[in-house]
Amino acid sequence: MRWATDEGRVSAEDADAARRVFAQFDGLVANELTKVSERLDELANHPSLNVFPLSEPMLERQISIGAMDALSLKPYDLAVLAAVIVKSEELQAEGHPWVGFCELDSDLQPWDKSGARKRVLSDLYDDVRIFVYANFLLEDVSELPDGWTTLI
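Note that the coordinates shown come from a computational prediction; the quantities given were computed from them, not determined experimentally.

Rules used throughout
Residues numbered from 1 in each chain as written. Predicted model: local features only at pLDDT ≥ 70, side-chain atom pairs only at ≥ 80, totals over all residues. Heavy atoms only, no water. Salt bridge = Lys/Arg side-chain N within 4 Å of Asp/Glu carboxyl O. Buried < 20%, exposed > 50% of the residue type's maximum accessible area, 1.4 Å probe, protein only. Helix = DSSP H or I, 4+ residues; strand = E, 2+ residues; numbered from the N terminus. Contact = heavy atoms within 4.5 Å. 1 Å grid on protein atoms, 1.4 Å probe; cavity = no way out; pocket = protein on both sides within 12 Å on 5 of 7 lines; lining within 4 Å. Points joined across faces, edges and corners; volume = space filled by probe spheres on them. Nonpolar A, V, L, I, M, F, W, Y, C, P; charged D, E, K, R; others polar. Core = buried A, V, L, I, M, F, W, Y, C linked by side-chain atoms within 4.5 Å.

**What about the pattern of salt bridges?**
Between side chains of opposite charge, pairing is possible as soon as their charged atoms come close.
Move 1: Enumeration over the complete set of coordinates arrives at nine salt bridges.
Move 2: Across the pair Arg117 and Asp126 runs a salt bridge, and its minimum N-O distance is 3.8 Å.
Move 3: Arg117 gets classed as partly exposed once you look at its relative accessible area, which sits at 47%.
Move 4: On the accessibility criterion, Asp126 (39% relative accessible area) is partly exposed.
Move 5: Two residues, Asp123 and Arg119, come together in a salt bridge whose shortest N-O distance is 3.7 Å. Of the two residues, Asp123 and Arg119 are both situated in helix α6 (residues 119-127); the distance of four residues between them amounts to about one turn of the helix.
Move 6: What makes Arg119 exposed here is its relative accessible area of 54%.
Move 7: Bridged by salt links that share partners, the residues Arg117, Arg119, Asp123 and Asp126 form one connected network.

This is the structure in structure tokens:
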């Protein structure tokens, strides 16, 4: 703002208004940051959610998936993918026939922008019977792959 005011690109009145907005925004952000721990605790204790830490098998799977040349995922995406795969295997060992995974991040979706299948990622999900969809309301969910139990 100082540079823009000195260069005559912004009037002193506009600069003051912008500084007031920035100060309010800064206060809002600072206030929200104080609530992060509380919100995380609420999520962790929500009866409909199962929050779990990364386990040793998940970290090992992250390394093995990361070593695949065909995937170029960021470390966080690799951790999420590994956690979902290992958790799916654990749930199937408990008798669940498949796992649903709602994924809004295009990096982890098994299809590209045009809807074409990403072979390696699709195969990873299919091998451990993870049904990936992109709508929390299940509005766009088509039929499950052949041989899987139906959604209903």
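**Quick notes on α6**
Move 1: Of the residues making up α6, those classed as buried are Val120, Leu121, Ser122, Leu124 and Tyr125.
Move 2: Residues of α6 that are buried make contact with α4 (56-66), α5 (75-93), β1 (99-102) and β2 (130-133).
Move 3: Following α6 by one or two positions, Arg129 adopts a phi angle in the positive range, close to 55°.

**Describing the layout of surface pockets**
Move 1: By volume, the largest pocket is sized at about 590 Å³.
Move 2: Elements that contribute at least two residues to the lining of the largest pocket include exactly α5 and β1.
Move 3: In terms of residues, the lining of the largest pocket owes the most to one element, α5, which gives eight residues.
Move 4: Of the residues belonging to the lining of the largest pocket, the class tally is 12 nonpolar, four polar and one charged.

**Here's the deal with the nonpolar core**
A general trend in soluble globular proteins is that nonpolar side chains are found buried together.
Move 1: Counting 17 residues, the largest nonpolar core has Ile65, Leu71, Leu81, Ile85, Leu124, Tyr125 and Ile130 as its most contacted members.
Move 2: Mapped by element, the contributors of at least two residues to this core are α5, α6 and β2.
Move 3: Counting residues per element, this core draws most heavily on α5, which supplies five residues.
Move 4: Setting aside chain neighbours within four positions, we find Ile65 in contact with Leu71, Leu78, Leu81, Ala82, Ile85 and Leu124.

Function cannot be inferred from these measures alone, as they are strictly geometric.
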